[in-house]
Amino acid sequence: MNVIFLGPPGAGKGTIAALAKEKLSVPHISTGDIFRSAIKNETALGKQVKSILSSGELVPDELTIDLVKERLKEGDTSGGYILDGFPRTIPQAEALETFADIDFVINFTVERDMIIRRLSGRRIAKESGKVYHILYNPPKTAGICDITGEPLIQRDDDKEEAVINRLEVYERQTAPLIEYYTENGLIRDVDGSDTPEKVLASFLTVIDEGNG
Ligand code: ADP
Ligand code: AMP
C-alpha cells in the first residue's frame, strides 16, 4: 500500500509513520529526514539545502521531485511505502502521479495551538533519528536519546521565527493539496490530536475500511 502523510508541520506525521511502518512492514520515506541527513553528512545536497531548511522555506520542486523519484525506485518500496512530507506543492503532486500509484492520502488534522506546543517541545536525536517531545514523549533521561545516549537537540526550524514562517508556507503552498486530493477521492482525514497510539489506530482503521 502506497500512502501519503499530509498535514501541517508538527501534526505528528513522522511519529505515526515510525509506528505504522512496523505494523505495515513498509519503509517510511521522509523528505525532511533525507535533507537533514544530507546536511549532517555535509554532502553537496546538504550544502545546497541547509539555509533553506533553517528558514522554513521549501526546497525547489525540481530537486525534491528528482530525489523522491529516485528513492521510489529502490527495492524496499515494492511492498508499499509511507511518504511523509512529500508532496508539499501542487507541482510535486502532479509530478508524483507520473511515477507513483498512491492508494491513500492521510490528512492529519490538529489545531494551531497544539501544533505550536508540539513544535516548541520537539527534540530530535541526529544519529538515531528518533523524535521526542519534552512533555508528551520524553526520553527516559532528560535530554538524552534512549537508543544511542546522544544529546537531544532542537531543530533550527523549530525555533519560533522559523515555525511561524513554516506555518505560513504550509497554508500557502501545501494546504491546497487537501482540495487536490479530495477531488480525486484519495483523501482521508485522521484526527491527529489524540495520543500517538490512538492516532495510529485511527489510521489503521481508515486504511482497513478503504481496502474492504
Ligand atoms: P511532523 O512529522 O508532522 O512534523 P512529528 O511527528 O515530528 O510531526 O511531531 C511533532 C512533535 O509532537 C514531536 O515532538 C512529537 O514527539 C510530538 N507528537 C507527535 N504526535 C503526538 C501525539 N499524538 N501526541 C502528543 N505529541 C505528539
Ligand atoms: P519536515 O521534516 O517534513 O518538517 O521538513 C523539513 C524541511 O525540509 C521543510 O521545512 C522544507 O524546507 C524541507 N522539505 C521537506 N519536504 C519537502 C518537500 N516535499 N518540498 C520542499 N521542501 C521540503
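Above: the structure in question.
This is a predicted model, so every value here is computed, not measured. (Residues numbered from 1 in each chain as written. Chains lettered and ligands numbered in written order. Predicted model: local features only at pLDDT ≥ 70, side-chain atom pairs only at ≥ 80, totals over all residues. Heavy atoms only, no water.)

Undergrad: If you had to explain the site of ligand 1 to someone new, which residues and values would you point to?
TA: Surrounding ligand 1, one finds 18 residues, the nearest of these being Gly14, Thr15, Arg122, Tyr132 and Asp194. A distance of 2.6 Å separates an oxygen atom of ligand 1 from a polar side-chain atom of Thr15. The contact in question runs from an oxygen atom of ligand 1 to an N or O atom on the backbone of Tyr132, over 2.8 Å. Notes on ligand 1: free accessible area 560 Å², of which the protein chains cover 93%. Broken down by secondary-structure element, the contributors of at least two residues to the shell around ligand 1 are α1 (13-24) and β6 (131-133). When its residues are assigned to classes, the shell around ligand 1 shows 7 nonpolar, 7 polar and 4 charged. (Near = heavy atom within 4 Å. Polar contact = N/O pair within 3.5 Å; in protein donor to acceptor, adjacent residues only side chain to side chain. Areas by Shrake-Rupley, 256 points an atom, 1.4 Å probe, with all protein chains shown as cover. Helix = DSSP H or I, 4+ residues; strand = E, 2+ residues; numbered from the N terminus. Nonpolar A, V, L, I, M, F, W, Y, C, P; charged D, E, K, R; others polar.)

Undergrad: I'd like to hear about the site of ligand 2, residue by residue, with values.
TA: Lining the immediate surroundings of ligand 2 are 16 residues, of which Thr31, Arg36, Glu57, Gly85 and Gln92 lie closest. Here a nitrogen atom of ligand 2 and a backbone polar atom of Gly85 are 2.9 Å apart. A total of 480 Å² of accessible area belongs to ligand 2 in isolation, and the protein chains cover 96% of it. For the shell around ligand 2, the leading source of residues is helix α2 (residues 31-40), giving 4 residues.

Undergrad: Requested: an account of α1, with residues and values cited.
TA: Under the 1.5 Å per step criterion, the end-to-end length of α1 is 15 Å for 12 residues, consistent within 8% with the ideal 16 Å. Among all positions of α1, only Lys13, Ile16, Ala17 and Ala20 are buried. For α1, the angular spread of buried residues about the axis comes to 100°, placing them on one side. Directly beyond the C-terminal end of α1, a positive phi value near 55° is found at Ser25. (Expected span 1.5 Å × (residues − 1). Buried < 20%, exposed > 50% of the residue type's maximum accessible area, 1.4 Å probe, protein only. Arc of directions from axis to C-beta.)

Undergrad: If you had to explain the pattern of salt bridges to someone new, which residues and values would you point to?
TA: Enumeration according to the criterion identifies 10 salt bridges in this entry. With a shortest N-O distance of 2.8 Å, Arg36 and Asp33 are connected by a salt bridge. Note that Arg36 and Asp33 are positioned in helix α2 at a spacing of 3 residues, about one turn of the helix. Judged by relative accessible area, Asp33 falls into the partly exposed class, the value being 37%. Across the salt bridge formed by Arg122 and Asp158, the nearest N and O atoms sit 2.8 Å from each other. Of the two residues, Arg122 sits in strand β5 (residues 122-124) while Asp158 sits in the loop between β6 and α7 (160-174), which places them 36 residues apart along the sequence. Residues joined by salt bridges that share partners form a network here, namely Arg122, Arg155, Asp157, Asp158 and Arg166. (Salt bridge = Lys/Arg side-chain N within 4 Å of Asp/Glu carboxyl O.)

Undergrad: With reference to specific residues and values, describe the nonpolar core.
TA: Of all hydrophobic cores here, the largest spans 22 residues; its most connected members are Phe5, Ile106, Phe108 and Phe203. Listed by contribution, the elements that provide at least two residues to this core are β1 (2-6), α1, β4 (104-109), α6 (112-121), α7 and α9 (196-211). Per-element accounting of this core gives the leading share, 5 residues, to α9. Among residues more than four places away in sequence, those in contact with Ile106 are Val3, Ile4, Phe5, Leu6, Arg188, Val190, Phe203, Val206 and Ile207. (Core = buried A, V, L, I, M, F, W, Y, C linked by side-chain atoms within 4.5 Å. Contact = heavy atoms within 4.5 Å.)

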